[in-house]
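# Understanding the architecture of this molecule
If you want the building blocks of each chain, they are given just below.
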Amino acid sequence: MALILIAEDEKDIRELIQFSLTFAGFEVVAALNGKDLVEKAKSMTVKPDLIMSDVRMPQMTGYEACAEIKKIAGLKDIPVVFLSAKGQESEIQTGLESGAHEYILKPFAPDELIRRVTELVKKAK
Amino acid sequence: MSLRSSVQARSSGAAIQIGALPDGRSRVAELEVLQRIGRALNSTLDEKEILHLLIEETVDVTPAERGSVFLYDLDQACRLPQAWFGYTPEQADALIGLGQDCAHGIIHRVFDSGQIAVTQNVDLAPDYVQIVPDTCSELTVPIRHGLDVVGVIDLESSEPDAFDEGTQRFVLAIAEQAGVAIGNARRFAEQVAREQAVTWRNEQLRHLLEISRMFGQQHALDDLLDIVVQAIPETVGFNVALLSLVGGNPPLVHRAAAAGIPLADFVSLQQVTQPLDVLERTLKDKYRIGQSYFFPHQQRAEWDDEYTHTVLDDAGNWQEGHWHPDDMLLVPLKDSAGALLGLISVDDPQNGLVPTQDTIQTLELFAHEAALAIENARLLDQTQQHVAELELLQQVGFQVASSLDLTTVLKTIVASALQLVPASDVRIYLYDQLTARFECGTQKSRGDAVSRPMTPPRPDGFTARVVQASEMLVINDALNHELYTRPEAKGWNMHAIAGFPLKRAGEILGVMDVSFFYEHRLTQKELDLLTLLANQAAVSIDNARLYEHAKRRAKHLEALWHINQQLATIRDFDELLSQVVQIIRRYFDYDHINLYLVEAPNGTLILQAHSGQSEVDASQAAHIPADRPKCIIAWVATNNKPLLLEAEMISPVPYPSPMMQLLGTRSELAVPLHIGERVAGVLDVHSYRANALGREDLSVVQSLGAQLSVAFENARLYDELELRVLNRTAELADALKQQALQVDKTRAIVESISDAVIVFDPQGNVVLVNPGVERTFGVSHRQWMNCNLNGFPMPRLASRDINTMRAVFEAVRKAREELAEGKDLVVKTFQVPGRVIAASFASVVLRDLDPLNVVAVFRDITREVEIDRMKSEFIAMTAHELRTPMTSITGYVNLLTTEKSGPINHEQQQFLRIVSSNANRLMTLVNDLLDISKIEGEGLRLNLASESMADIVAEVVVALQQQVEEKGQVLVLDVPTDLPEIQADRDRMIQVVINLVSNASKYTPQGGKVTVKGWCENGHLMLDVRDTGIGISPQDRERLFTRFFRADNAIETQEGGTGLGLVITREIVERHGGRIEVESRLGAGSTFRVVLPLDLSPRLN
């Protein structure tokens, strides 16, 4: 079963994602923000198959976190997907430039999210 | 041998003979006589003395009582007693008479026979002539010299038989002695005479030498002839000498020089000339002696009638062998070729005798010398004359060539002709071949000739004939010529005349007439010289004429120019006319100028301006009716033709005209003046001289007239214009005022605009700025003026201001390029330091040819941009903040409805669907607002990739399946999967199709049909979304794509909608380079067609 590391500062959304992905059968580790994401990624003994991160987060944005992760030897090959609000394409572009593979527009329906993540994990393997 | 020794020899010879005498006589006495005679002969050579001594001694010694010696006298050509003894004077005279009568006397017998005659008894001698009565016997012994009997010794005695043989021998010896003595004496005399002759000859030669020398000294021929003639009396021995020369044609003999004739007589002699042929007839061979001719007076009758000689003298005392006053001796003078040059005749010899051979020879010598002198002198004369002529011609050539003044040229030529030939009168008439008229001329007469006045040549006269013949004409015997025997030629005394046409390039410029009022025959040489002169004259006249013509032309042009100037400057018409007339007077030598103007309507001619040599009351001619007969002014005005009026010229009006009579002029020329086609007046000029005006004047006055006509025209136009200008002035003033007002208004408006306004001219210069410029850019509006788009002179400003201006000009330059491509308006936004500027540029056509005046309006939109940015930020923020709770709402509703957290009942399911639907509406609204804000802000950004329309449509169908099914509608899909892929932003294209299909479903009633059809056409992908809905009214169709618009019938459907969907849809399609079309009918449904290019690249920048 694939391991997914997610970062979302908004608790409702984080739990929605966590619930949905867990429901779909993924193993999920959730970080509270960018900084937390980087730390969790470093500290995890089993490296996640996919990292999914919000962009706007306190302490460290998703981009910054992504950039950090891409600098770390053991983590840099893990695909990163951003969750981004529609209408902030400039942010999406920046995210892709920072090393992300995909983005998923908010708001998302849980089914939709599960479908996309399933695809991405399949692609990453 | 000397004379003296010769005599001595003879004497000694005689002594020997005497020494042989045999008988009876005292030998002593005889020897004494012979010795005395011998001494006498030795002591003297005087013949007379010898003969006296001889006869005295002989009579003394012999029985004779008296005796005489006769000798032949050469001078008197007779035998004369030279010495006698024992005769009385009366008896001596009888002896002389005896000597002269050769017919009688023993003496003559002895003379003739040379034999001694012893007459013992005179009575018995038949030829005895008694001189002394008692003479009984006579002894007559001849005296011989050589073989000739030169004399006779005659002794007489009263005793009969007085002379014995001894006496005879003695007298014979005496006679022989005497013969020797006489011979000696004669030889001596001859010697003396010969010496005299030599001396004389020397003297003659000296004279001749002197004469020759004089010849060499280039004396005039007349002087030389005088010298020759004056030398004749002294040298040849004639007191009178006359030298005549042959000359002229036909040749005449005339006296040229004389010696020994009183001057008055010679002058009268000079008047008489003799035809040469008469003289030649007289020179007959029978009179010829050597080269000369001697006409004895006896033969005078023979030649006197033919050759008149000098006045006859009384010939009373003439003797044979002497010169008779009527004798004539002529020596011809012949030149080296033998032609007769003249002759010398002499008279009154100093010795009174007829001429001897010697004399004639000497005279011939003189004649020869004189002939030579004449020939030389003539040759010299000819040469000198030729040289002089050539010099003269050269001088003439130089003079006439150096002068371009026609009068001077003519005078020089005429004077030269008189120097070249001895003519009495030379005149030149100039001729105008065009008018066939003679013009003025020049005339000069030789000092002594009667001067004939210079009258115009008669049309049938000599000069006219020269023109007609166009070649030289010569009349040598004018006295008999028909031209000069006419009555009018009486008193001209014309003897000869030659006329030379002065021709240049075939045109006759004039005629030179050379007249002789005395007998003269023009020689070929004279004609040649005059022809030469005529040619020279023609060239010079031509040159002078050309020069005069050029000079006049220049003057005319100057005058025309001045008139032109006046015309240009003077506007007052009356003053103009008066000025023009004054100018014409100043530049042309017309004596009077009148300017008439036609006065409408009856055409009366009014004298408007007048200028004249003298002040004349012209008021009499101030008004001329147009129909006045025989008036040149009226004629010219009526006929609209120029007219020249000269004496003896065929003319439609009589000469002289009334005006001429008034002014006292003799030539008149009038030309019409025009305004347009109409005759407006007459310009009338006069000259005091007759025939003064010609074709040149015609052309000049015509051009003056033309100039004036132009002036009239101008004046008329000017007047009209002035009127029009007056009328227009008020309008113009009004218009100007209006314009000024408008300008003020415009300026006020421009200045009051808060935006910056800058106007650039086609060269890019800033021509207008308003105060808004300062407000907008913070750069004083003064700094903008005088700037230019390209390399503008940059004022000294802060670098920030300079950068501001640079940015502005850069924007203007770009806009100009676009305007030049034909755009009407260019809108741009650009930044200057600290400011964002929105600018609009428009080209303004001020004049036809410079469309690139650019009006630029700038507005500082910094604040607006900032607000816009804040708005976008706000919307983005809001959207984000809205979305997060929405995500939670929809997410958890989805979890519930998908029963992931456990089963729910149908009613719960229904409620959750309502929540979800409204949440979706809210999300759509948020998304649409975000899109609109993007479209209006930085614009939509596309992430292009190759996409299949079939896939997109399939995805849409999935999204909308539920909505369509809920309305019981049929969704028909006809989008082939093998359609070419398009470059598109997948999400955006899905948004487009969702929008269209969703709308179609929304506005189509329950059970309706929605069709989605895709195909390719002309390189485009076409996608139709057709419904069977309520349709869109035409007026709604126009506003369909404006924000927040919703058609009335759409609102009635109670379907939700923001009124933003179609705006966003169209924006997305257009961003893909496509377009969206709508077809609809109210109540029947609508079709939205998306047209997308398959090859997107050209559409995207």
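Residues numbered from 1 in each chain as written. Chains lettered and ligands numbered in written order. Predicted model: local features only at pLDDT ≥ 70, side-chain atom pairs only at ≥ 80, totals over all residues. Heavy atoms only, no water.

## With respect to the overall build of chain B
Here is the rule: Starting at the N terminus, helices and strands are each numbered in turn, a helix being any DSSP run of H or I of at least four residues and a strand any DSSP run of E of at least two. Categorising residues by exposure relies on relative accessible area from a 1.4 Å probe, with only protein chains included: less than 20% of the type maximum marks a residue as buried, more than 50% marks it as exposed, and the intermediate range marks it as partly exposed. The contact criterion used throughout is that any non-hydrogen atoms of two residues lie within 4.5 Å. Working definition of accessibility: Shrake-Rupley area with a 1.4 Å probe, residue cover restricted to the visible protein chains.
For chain B, the count of helices and strands is 28 helices and 35 strands. Counting over 1101 residues, chain B shows a buried share of 46%. Within chain B, counting contacts between residues at least 6 apart in sequence, those at least 24 apart form 59% of the total. As displayed, chain B offers around 56200 Å² of accessible surface, 52% of which is attributable to carbon and sulfur atoms.

## Points about the overall build of chain A
Secondary structure assignment for chain A yields five helices and five strands. Helices (α) and strands (β) of chain A occur, in sequence order from the N terminus, as β-α-β-α-β-α-β-α-β-α. Buried positions account for 52% of the 125 residues belonging to chain A. When the accessible surface of chain A is summed, it comes to about 5600 Å², and 52% of that surface belongs to carbon and sulfur atoms.

## Observations regarding the pairing of strand β18 (residues 592–599) of chain B
Residues and elements named next belong to chain B. Filter applied, for reference: DSSP-based pairing: two strands are paired if at least 2 bridges between them are found.
Most of β18 is tucked away: six of the eight residues are buried. Relative to strand β19 (residues 604–612), β18 is paired through eight bridges, and the arrangement is antiparallel. Bridge pairing in β19 places Ile593 opposite Ser611. Here β18 pairs with strand β23 (residues 678–687) via six bridges, running antiparallel. Residue pairing for β23: His592 is matched across the bridge by His686.

## Looking at a nonpolar patch on the surface
Our working rule: Like-charged residues within 9 Å of one another, or nonpolar side chains (Val, Leu, Ile, Met, Phe, Trp, Tyr) within 5 Å, are grouped into patches, provided each residue has over 30% relative accessible area and no salt bridge. One side-chain nitrogen of Lys or Arg within 4 Å of one carboxyl oxygen of Asp or Glu is enough to make a salt bridge.
Nonpolar side chains collect at one region of the surface, where Leu922, Leu925, Leu929 and Phe1044 of chain B lie side by side and expose about 340 Å² of accessible area between them. When you line up the elements, Phe1044 of chain B lands in the loop between α26 (1034–1038) and α27 (1048–1052).

## Structural notes on the packing of helix α1 (residues 11–24) of chain A against helix α22 (residues 862–897) of chain B
The cut-off we apply is this: Only C-alpha atoms enter the line fits that serve as axes; for helices the fit covers just the stretch in contact. Angles between N-to-C directions range over 0 to 180 degrees. To sort the angles, those under 35 degrees are grouped as roughly parallel, those over 145 as roughly antiparallel, those from 65 to 115 as roughly perpendicular, and the leftovers as oblique. A clockwise turn of the near helix away from the far one marks a right-handed crossing, whereas an anticlockwise turn of less than a right angle marks a left-handed crossing.
Where α1 of chain A contacts α22 of chain B, the axes come no closer than 9 Å and their chain directions differ by 30°. For the element pair α1 of chain A / α22 of chain B, the angle class is roughly parallel. The handedness of the crossing between α1 of chain A and α22 of chain B is left-handed. Residues Asp12, Ile13, Glu15, Leu16, Phe19 and Ser20 of chain A of α1 of chain A touch α22 of chain B, and the partners they reach there are Thr884, Thr887, Ser888, Gly891, Tyr892 and Leu895 of chain B.

## Looking at the interface of chain B and chain A
The line we're drawing: Note on definitions: buried area is the accessible-area loss of two parts on being combined, 1.4 Å probe, summed for both. What qualifies as a polar contact is a pair of N or O atoms within 3.5 Å, subject to a donor-acceptor requirement within protein and to the restriction that residues adjacent in sequence count only when both atoms come from side chains.
Between chain B and chain A, the residue contacts involve 23 residues of the former and 23 residues of the latter. In this assembly, chain B packs against chain A so that about 2100 Å² is buried in total across both faces, 60% of it on carbon and sulfur atoms. When residues of chain B are sorted by the area they lose upon contact with chain A, His880, Thr887 and Lys900 of chain B head the list and together hold 26% of the total. Our count for the contact surface shared by chain B and chain A stands at one salt bridge. For the pair chain B and chain A, the number of links is three residue pairs in polar contact (both at pLDDT 80 or more). Those elements that place two or more of their residues in the side of chain B that touches chain A are α22, α23 (906–936) and α25 (986–1002) of chain B. Looking at the side of chain B that touches chain A, the element that brings in the most residues is α22 of chain B, giving twelve residues.

## Digging into the sheet that holds strand β28 (residues 853–860) of chain B
Residue and element names in this part refer to chain B. Spatially, the five strands line up as an open sheet ordered β25-β24-β28-β27-β26, and their pairing is antiparallel. A strand with exactly one partner marks an edge of an open sheet, and here the two such strands are β25 (766–769) and β26 (825–832). Recorded for the sheet is a direction-independent mean angle of 25° between the axes of neighbouring strands. With three bridges connecting them, strand β24 (residues 756–760) and β25 associate as antiparallel partners. Residue pairing in the sheet places Ile758 in a bridge with Val769 of β25. Lying on the sheet, helix α21 (residues 799–820) is in contact with β24, β25, β26, β27 (835–844) and β28; it crosses β26 at an angle near 160°.

## Re the nonpolar core
All names here are of chain B. How we decide: Nonpolar cores were defined as sets of buried Ala, Val, Leu, Ile, Met, Phe, Trp, Tyr and Cys residues, with membership established by side-chain atoms within 4.5 Å.
Counting residues in each nonpolar core, the largest one holds 43 residues, and the members touching the most others are Met949, Val953, Val975, Leu996, Val997, Leu1023 and Val1090. Elements that contribute at least two residues to this core include exactly α23, α24 (949–966), β31 (982–985), α25, β32 (1009–1017), β33 (1020–1027), α28 (1061–1071) and β35 (1085–1093). Apart from the residues lying within four places of it in its own chain, the contact partners of Val953 are Leu973, Val975, Val993, Val1012 and Leu1023.

## Thoughts on the sheet that holds strand β9 (residues 288–289) of chain B
The strands that make up a sheet are held in pairs by hydrogen bonds between backbone atoms, and each pair lies either parallel or antiparallel. Residue and element names in this part refer to chain B. Taken together, seven strands build an open sheet; the order of strands is β8-β7-β6-β12-β11-β10-β9 and the sheet is antiparallel. The open sheet has two edge strands, β8 (273–275) and β9, and neither has a second partner. Strands β6 (238–247), β7 (252–259) and β8 of the sheet are contacted by helix α8 (residues 263–271), whose axis makes an angle of about 170° with β7.

## A word on helix α16 (residues 632–639) of chain B
All names here are of chain B. Along α16, the residues that are buried comprise Ile632, Ile633, Ala634, Val636 and Ala637. Along its buried surface, α16 packs onto β18, β19, β20 (623–624), β21 (643–645), β22 (667–675) and β23. Once α16 ends, the next one or two residues include Asn640, with phi positive near 55°.

## Some thoughts on the packing of aromatic side chains
Residue and element names in this part refer to chain B. Our working definition: By convention, a stacked pair of Phe, Tyr or Trp rings (six-membered ring in the case of Trp) has centres within 6.5 Å and planes under 30 degrees apart, an edge-to-face pair has planes over 60 apart, and any other such pair is tilted.
Tallied over the full model, the rule gives 13 aromatic pairs over all chains. Ring centres of Phe841 and Phe858 lie 5.8 Å apart, and the angle between their planes is 85°; on these two criteria the pair is classed as edge-to-face. Taken together, the residues Phe841 in strand β27 and Phe858 in strand β28 connect sequence positions 17 residues apart. Classification of Phe841 as buried rests on a relative accessible area of 0%. With relative accessibility at 0%, the residue Phe858 sits in the buried group. Taken together, the ring pairs connect Phe760, Phe777, Trp784, Phe809, Phe830, Phe841 and Phe858 into an aromatic cluster.

## Some points on the confidence of the model for chain B
All names here are of chain B. For the record, the criterion: The predictor attaches a confidence to each residue, and that confidence, scored 0 to 100, is pLDDT.
The pLDDT averaged across chain B works out to 79; a share of 84% of its residues lies at or above 70. Taken as a whole, residues 1–25 scores under 50 in pLDDT and shows 36 contacts with residues more than four places along the chain or in a different chain. For the stretch residues 308–313, pLDDT sits under 50, and the model shows 13 contacts to residues farther than four places along the chain or on other chains. Among the scores for the predicted complex, ipTM is 0.75 and pTM is 0.35.

## Quick word on unusual backbone geometry
Residues and elements named next belong to chain B. For the peptide bond that leads from Tyr655 to Pro656, omega is -5°, which places it in the cis range. Examined against the element boundaries, Pro656 turns out to sit in the loop between β21 and α17 (658–663). Backbone geometry places Asp161, a non-glycine residue, at a positive phi of 50°. As for its placement among the helices and strands, Asp161 is situated in the loop between β5 (148–157) and α6 (165–216). Of note in the backbone geometry, Asn1018 takes a positive phi value of approximately 55° without being a glycine. For Asn1018, the location among the structural elements is in the loop between β32 and β33.

## What about the side chain of Ser998 of chain B?
Relative to the elements of secondary structure, Ser998 of chain B occurs in helix α25. Those residues in contact with Ser998 of chain B that lie beyond four places of it in its chain are Leu960, Gln963 and Val993 of chain B.

## Side note on the pattern of salt bridges
Residue and element names in this part refer to chain B. Tallying each qualifying case throughout the model produces 24 salt bridges over all chains. The closest approach of N and O atoms between Glu810 and Arg813, which form a salt bridge, is 2.8 Å. Taken together, the residues span about one helical turn, with Glu810 and Arg813 both in helix α21 at a distance of three residues. On the accessibility criterion, Glu810 (32% relative accessible area) is partly exposed. For the salt bridge of Arg1089 with Asp1024, the shortest nitrogen-to-oxygen distance reads 2.7 Å. Taken together, the residues span a long stretch of sequence, with Arg1089 in strand β35 and Asp1024 in strand β33 at a distance of 65 residues. Each of Glu65, Arg66, Asp134 and Glu156 takes part in a single network of salt bridges with overlapping partners.

## Concerning α21 of chain B
Filter applied, for reference: What a helix is expected to span follows from its residue count: subtract one and scale by 1.5 Å.
Between its terminal C-alpha atoms α21 of chain B stretches 31 Å, which fits the 32 Å expected from 22 residues at 1.5 Å a residue. Among the residues of α21 of chain B, those classed as buried are Asp801, Ile802, Thr804, Met805, Ala807, Val808, Phe809, Ala811, Val812, Ala815, Arg816 and Leu819 of chain B.

## Description of the environment of Thr1004 of chain B
All names here are of chain B. Tracing the chain through its elements places Thr1004 in the loop between α25 and β32. Sequence separation between Thr1004 and Ala1084 is 80 residues; the distance between their C-alpha atoms is 9.7 Å. Those residues within four positions of Thr1004 in sequence are excluded, and the remaining contacts are Lys967, Gln969, Lys1009, Asp1027, Thr1028 and Gly1029.

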